[in-house]
Amino acid sequence: MEQAFDAPARPRPDQVIGRGDVLARARGHLAHGGSLLLYGPAGIGKSTVLRTLAEEYGGEPTVLRCSATESESHLPFLALVDLLGLVADQVSDRLPAPQRAALESALTGRGESSLQRDGLALRLAVLSVLRALAADGPVLIVVDDLQWMDPASAELLAFAARRVAELPVRVLGAVRTDSDPQDQHDRYLRAFPQDVLTLRVTPLSRPDVSELLDGRGHTGLPRAVVRDIHRTSGGNPLFALELGRALAESRTPPRPGEPLPVPTSLRALVLNRLEMLSAETRRTLLIASAGARPTLATLRSAGRANAESETGVAASLGLVEMDPDDGGGPVRFAHPLISAALYAEATPEDRRSAHAALAAAAVDPIERARHLALATSGKDERVAASLAEAADEARSRGAPSVAAQLGLLAARHSPEGAVPTADERRLRAAEDALTAAEPELARATAREVLARATVPADRVRAWSVVIDSAGQALSEVDDVFPQALADAGDDPRLQGLVRYQLAWRALVDGQMHQARAEAARSAALAAQAGDRRTELLALSFKALNETTMGHPDAAATLALASAEPQEPDVAMNHNGPVYIRSRYLLMSDQLDEARTALTWLADEARQRGAVETEVYSVRSLAEIELRSGRCGTALDLARESLRLAEDTGIGEGFALQIASLAEAAGGTVDRALSLAGDAVRRAEADSDLPYLTRALYALGHARLVGADPQGAVDALRRVRALEREMGVTEPARGRWQGDLAEALVLTGALGEAREVIDETRRHALRLGRQSILAVLERAEGMLLAAHGDTDQAVAVLTGARQRTAALGYGLDEARAVLALARVEAERHNRGAAGAALDEAGRLFRRSKALPWLEQTGQAPPAPAAAAPPELDGLASMERQVAGLVLEGATNREIAAALFVSVKTVEATLTRVYRKLGIRSRVDIVRLAAGRRAG
């Protein structure tokens, strides 16, 4: 029985987007002979998942299909005809005559068959057909849109389902409902055999929506637009595609702050209930749709005296959701698309009137300015100034994306002769967009300024935005640099800005000496012009470059970059002195000090909405935890950094590299290899040599952990050659040397291994890199053993273990003990080998280094209890906080585990409560307990 459903015959994982977890759980249940019911709202993708699974199992001897429709649900036996119409003849001769006659009458409609007239015979006939088909092999029944199945067919299927438990008959179905069918007793589940799993098809994530749109030809959409599509569609793929199509067909994109255009097809889908509302109620809902966070109190202040009763009517129709215990509380639309469709349906005059009412009611200066702008047409300096002030306020609150929108609105309303000018306001908005990880918006805005600006300062500032928006792919904007230099002229301040960008360009090309020289010129020019911000950034870059090169001036340059006076926005910038100092501390084996600096930086970045700084800070925190031997924590941080990077398009290369290292340490080797391969391809496409060396190190390390030493040698030899070409002598920059030496020993290239060890040791001694020396001791021990000097190898490896333990490098300590166990085994010292292997297993288990633990032959720790599926819809940080609450952690313990402040934990929990519809952390525990009990 089970072997017939053990594995899909033709898996096609590329067929659907963002459904990996659902498909994995579904396949696992089907493989053990169970049935499956998918559920979710209209358009969420149930039919796509159902079709994918059905095609995978299409090799079964018999697959019976039906897809009901609402218009035909009144026709009796229609679903039965779809299911059995083509197969009944194959087994009809095995049915008793009364059953055969009843079934033929139902399938052909030639008689007047009914459940009342031929009930028992017809029920037994359906059961007999399934039994006969199952005698020839497994039977899979595929039923889509179960909610529209005609009652007669549903009753017959339910009768048979109760009696085929011991047969290889399984049902794969989908039903349109928002609630778990398990909570609806047997309304839908009656048609399924007893062992049935219900799976909710959840909304797509923002990256999934982006991939979906790209796959349907809606490519090149700015991330801000994709974000709005995701928010408006609620992650519903049907809605997202319709919104993408409407945007592609629209000649004018929506103004900043306005909802997306909603096509007529979707308006009809979600607004058909509006006809039941009075004009006044519709007016109230329009004002609610125009507000960012509408409440009953806000609506009343906006002149809607009967807001409570009118929203109550809308709630009874399922348009909005209200909290009956909160008389002035929030008015939440049942789906974001309802709000967008209401707004799109209104006339421009009605929209401006709604915004005017909200502007008069708003207390928050940001909301007031936004509504004032959207209520005003034409140029108005009073409105523009109000918007510029609101942008400053949004920026100070850590909402750079909002600041960018407000700044663009301010520019739109700025009249000729305004101070600041419209272009200056656009450039500030573009810089805010960069901070908010919206490079497409930033670049488009800067290009708009360049198309007409004549002021050199504005043009150089715009060129800088264009360069910064390119990220690591600086080769794509090579033509920009000479134009920026020409616009800078002889102005030392503008020259300093451009020279700073040229320093980065030289670094990407691997020309580290030239990069250092350009950074020095930039710092000197900026100091001459009194531009402290550019001076600090240039000095920080120079310090990082010198640290990477192993240059003796690195510490002195870092001291200059850290000297007062400082600029607040530079201090928390990922290219500023705090971050550069943390990298210096990390290379100097000062892990605790580096962790403290990066924890502050990551928390500050979250509060300010500086996504790029957050990506790099979290990535570096993951690296610290890897070295400390906290592989589980490192894996969580690396995955968080990668999710942030993929969601924003910022720092994806570095995030892929550290995610690969973290997977090789605490996840799976296959995943580590896949991520490293992506990292190498991205670096080669961007022609970014410094990043390529990091990506190749991750690839080589994953191959070494995966028992492919020759593959590791191939990748790590390339790293060595590239770093020599670039002039890098700092061994702690990449930390690949020990892995290369070990891989060379394993492949028999002992002479080259000795050369790598000796060369690296010289640089490590010069720079005082104690952890590098300890890792080299491990490689030295392996090399000695390969030469047959096992006694000396044991002594060296014992010293390596002690040195790494003293430095707090937990994973390297465990690796030294594992190497020691292998050498003792070569010496046939079984007692010492067994003790060392047990100790290595204990250390790897403590570090949660699962791939390494497998090499000791010991069982991995038992998996933690699964979190409730409701947590799947939370953002990554929210999910981590909720998961730690389930483990009983206090807010302070959560803050320490995730390297954030207690204030951040409290704010995150508030968002969790709102999204889950609960009130306290106790409710999270109850939610999980209820799931386990169920």
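Computed from a predicted structure; not experimentally measured.

A. How the structure looks around the pattern of salt bridges. Following the criterion strictly, the structure yields 70 salt bridges and no others. With a shortest N-O distance of 2.3 Å, E56 and R27 are connected by a salt bridge. Taken together, the residues E56 in helix α2 (residues 46-56) and R27 in helix α1 (residues 20-31) connect sequence positions 29 residues apart. For E56, a relative accessible area of 0% gives the class buried. Between R300 and E308 there is a salt bridge, with the nearest N and O atoms lying 4.0 Å from each other.

B. View of the sheet that holds strand β2 (residues 62-67). Taken in spatial order, the five strands of this open sheet run β2-β3-β4-β1-β5, and their pairing is parallel. Single-partner strands in this sheet number two, and they are β2 and β5 (196-200). Sheet twist, expressed as the average angle between the axes of neighbouring strands with direction ignored, equals 10 degrees. In the sheet, strand β3 (residues 139-144) pairs with strand β4 (residues 169-176) via five bridges, with the strands oriented parallel. The residue bridging I141 from the neighbouring strand is V171, located in β4. Against the sheet, α1 touches β1 (35-40) and β5, its axis set at about 175 degrees to β5.

C. Region of interest: unusual backbone geometry. At the junction of V419 and P420, the peptide bond is cis and its omega measures out at -5 degrees in the coordinates. Put simply, E564 and P565 share a cis peptide bond, and its omega is 0 degrees. Its place among the elements puts P565 in the loop between α27 (554-562) and α28 (568-571). Phi is positive for D145, close to 50 degrees, though the residue is something other than glycine. The topology assignment puts D145 in the loop between β3 and α7 (151-161). Positive phi, normally seen in glycine, also occurs at A707, with a value near 65 degrees. Counting through the fold element by element, A707 comes out in the loop between α35 (689-705) and α36 (709-726).

D. Fine view of the confidence of the model for the protein. Per-residue confidence for the protein averages 87 on the pLDDT scale, and 92% of its residues sit at or above 70. Per-residue pLDDT, averaged within each element of the protein, yields its smallest value for helix α47 (residues 921-933) (61) and its largest for helix α37 (residues 737-746) (97). In the predicted structure, residues 1-14 sits below a pLDDT of 50 and forms 33 contacts with residues beyond four places in sequence or in another chain.

E. Spotlight on the pairing of β4. By the criterion of burial, β4 is predominantly enclosed, with seven of the eight residues buried. Relative to β4, β1 is paired through five bridges, and the arrangement is parallel. Residue pairing across strands places Y39 opposite V175, the latter belonging to β4. At this point the chain moves from β3, through α7, to the parallel β4, and the crossover so formed is right-handed.

F. How the structure looks around the pairing of β5. Of all five residues making up β5, four are buried, and the element is well covered by its neighbours. With five bridges joining them, β1 and β5 adopt parallel strand pairing. Looking at β5, one finds that S35 is bridged to V196.

G. Quick look at the environment of N272. With respect to the helices, strands and loops of the structure, N272 is situated in the loop between α11 (264-271) and α12 (279-290). On the basis of relative accessible area, N272 is assigned to the partly exposed category, the value being 48%. For the pair N272 and A457, spaced 185 residues apart in sequence, the C-alpha separation works out to 54 Å.

H. Geometry of the packing of aromatic side chains. With the rule as written, the count across this model stands at five aromatic pairs. On the numbers, 5.6 Å between centres and 55 degrees between planes, the contact of Y616 with F654 is tilted. Here Y616 is found in helix α31 (residues 611-628), whereas its partner F654 is found in helix α33 (residues 652-666), with 38 residues between them in sequence. By relative accessible area, F654 is classed as buried at 18%. The structure contains a cluster of three or more aromatic residues connected by ring pairs, namely Y579, Y616, F654 and Y691. If you follow R163 out to its NZ or CZ, it ends over the ring of F159, 3.9 Å from the centre.

I. Structural detail: empty space enclosed by the protein. Enumeration over the complete set of coordinates arrives at five cavities of 30 Å³ or more. Volume-wise, the largest cavity comes out at about 400 Å³. If you go around the largest cavity, you meet 24 residues; those closest to its centre are R627, Y697, H701, R735 and D812. Elements with a contribution of two residues or more to the lining of the largest cavity: α31, α33, α35, α37, α39 (770-786) and α41 (810-826). Of the residues contributing to the lining of the largest cavity, the split by class is nine nonpolar, five polar and ten charged. Here the second largest cavity defines a volume of roughly 70 Å³. Together, S67, A68, T69, E72, S73, L75, L78, A79, D82, W148 and D150 line the second largest cavity.

J. Inspection of the packing of helix α29 (residues 577-587) against helix α30 (residues 591-608) at higher detail. Two numbers describe how α29 lies on α30: the axes approach to 8 Å, and their chain directions differ by 155 degrees. As far as their axial angle goes, α30 and α29 are roughly antiparallel. In this structure, α29 crosses over α30, and the sense of that crossing is left-handed. When α29 is examined against α30, the residues V578, Y579, S582, L585 and L586 are found in contact with a partner set consisting of L591, E593, A594, A597, L598, W600 and L601. When its residues are assigned to classes, the contact of α29 with α30 shows ten nonpolar, one polar and one charged.

K. View of the nonpolar core. Y691, L811, F844 and W852 are the most contacted members of the largest nonpolar core, which has 100 residues in total. In terms of residue count, the dominant contributor to this core is α35 (ten residues).

L. Quick look at the packing of helix α23 (residues 480-488) against helix α24 (residues 492-508). Two numbers describe how α23 lies on α24: the axes approach to 9 Å, and their chain directions differ by 160 degrees. Between α23 and α24, the interaxial angle falls into the category roughly antiparallel. You can see that α23 and α24 cross each other, and the crossing is left-handed. Where α23 approaches α24, its residues F481, A484, L485, D487 and A488 are matched on the opposing element by L494, Q495, V498, R499, Q501, L502 and R505.

M. Highlighting the environment of V745. Looking at the secondary structure, you find V745 in helix α37. Along the chain, V745 and L837 lie 92 residues apart, while their C-alpha atoms are 21 Å from each other. Setting aside residues no more than four positions away along its own chain, V745 makes contact with L750, A753, M782, L783 and A786.

N. Representation of the environment of G398. Within the secondary structure, G398 is located in the loop between α18 (381-396) and α19 (400-413). Assessed through its relative accessible area of 16%, G398 is described here as buried. Distance from G398 to D791, taken between C-alpha atoms, is 60 Å for residues 393 residues apart in sequence. Not counting the four nearest positions on each side in its chain, G398 is found in contact with Q607, R608 and G609.

O. View of the side chain of Q147. Counting through the fold element by element, Q147 comes out in the loop between β3 and α7. Judged by its relative accessible area of 16%, Q147 falls in the buried class. Among the polar contacts listed, one links the side chain of Q147 to the side chain of D145, at a separation of 3.0 Å. Polar contacts involving the side chain of Q147 include one to the main-chain amide nitrogen of R176, which spans 2.9 Å. In contact with Q147, other than residues within four places in its own chain, are A174, V175, R176 and Y188.

So, how was this worked out
- One numbering rule holds for all chains: residues counted from 1, following each sequence as written.
- Side-chain atom pairs in this predicted model are given and counted only at pLDDT of 80 or more, local residue features only at pLDDT of at least 70, and totals for whole chains, interfaces and linings cover all residues.
- Hydrogens and water are ignored here; the side-chain numbers use all heavy atoms of the structure.
- By definition here, a salt bridge exists when the distance from a side-chain nitrogen of Lys or Arg to a carboxyl oxygen of Asp or Glu is within 4 Å.
- Runs of H or I in DSSP of at least four residues are treated as helices and runs of E of at least two as strands, each being numbered from the N terminus.
- Here the term buried applies to any residue with accessible area under 20% of the maximum for its type, exposed to any over 50%, and partly exposed to those in between, with areas from a 1.4 Å probe on protein chains only.
- Strands are labelled as partners when DSSP assigns at least two bridges between them.
- To get an axis, a line is fitted to the C-alpha atoms, and for a helix only the part in contact is used. The angle between two axes follows their N-to-C directions and goes from 0 to 180 degrees.
- Throughout, a contact is declared for two residues whenever any of their heavy atoms are within 4.5 Å.
- One number per residue, pLDDT, summarises how confident the predictor is, and it ranges from 0 to 100.
- When the strands point away from the viewer, a crossover counts as right-handed if the path from the first strand over the helix to the second runs clockwise.
- Only Phe, Tyr and Trp rings are paired, with Trp represented by its six-membered ring, and only when their centres lie within 6.5 Å; those with planes under 30 degrees apart are stacked, over 60 edge-to-face, the remainder tilted.
- Our definition puts a charge over a ring when NZ of Lys or CZ of Arg is within 6 Å of the ring centre and also within 35 degrees of the ring normal.
- Here a cavity denotes a set of grid points, spaced 1 Å apart and computed over the protein atoms alone, in which a 1.4 Å probe fits but from which it cannot get out, and a pocket denotes an open set meeting protein on both sides within 12 Å along at least five of seven lines; residues with an atom within 4 Å of a point are reported as lining.
- Grid points are joined across faces, edges and corners, and a volume is the space filled by probe spheres set on the points.
- Each residue is assigned to one class: nonpolar for Ala, Val, Leu, Ile, Met, Phe, Trp, Tyr, Cys and Pro, charged for Asp, Glu, Lys and Arg, and polar for all the others, Gly among them.
- Working definition: roughly parallel below 35 degrees, roughly antiparallel above 145 degrees, roughly perpendicular at 65 to 115 degrees, and oblique for all remaining angles.
- A clockwise turn of the near helix away from the far one marks a right-handed crossing, whereas an anticlockwise turn of less than a right angle marks a left-handed crossing.
- In plain words, nonpolar cores are sets of buried Ala, Val, Leu, Ile, Met, Phe, Trp, Tyr and Cys residues tied together by side-chain atoms within 4.5 Å.
- Within 3.5 Å is the distance limit for a polar contact, defined as a pair of N or O atoms, with the added protein rule that one can donate a hydrogen and the other accept it, and that residues adjacent in sequence qualify only through two side-chain atoms.

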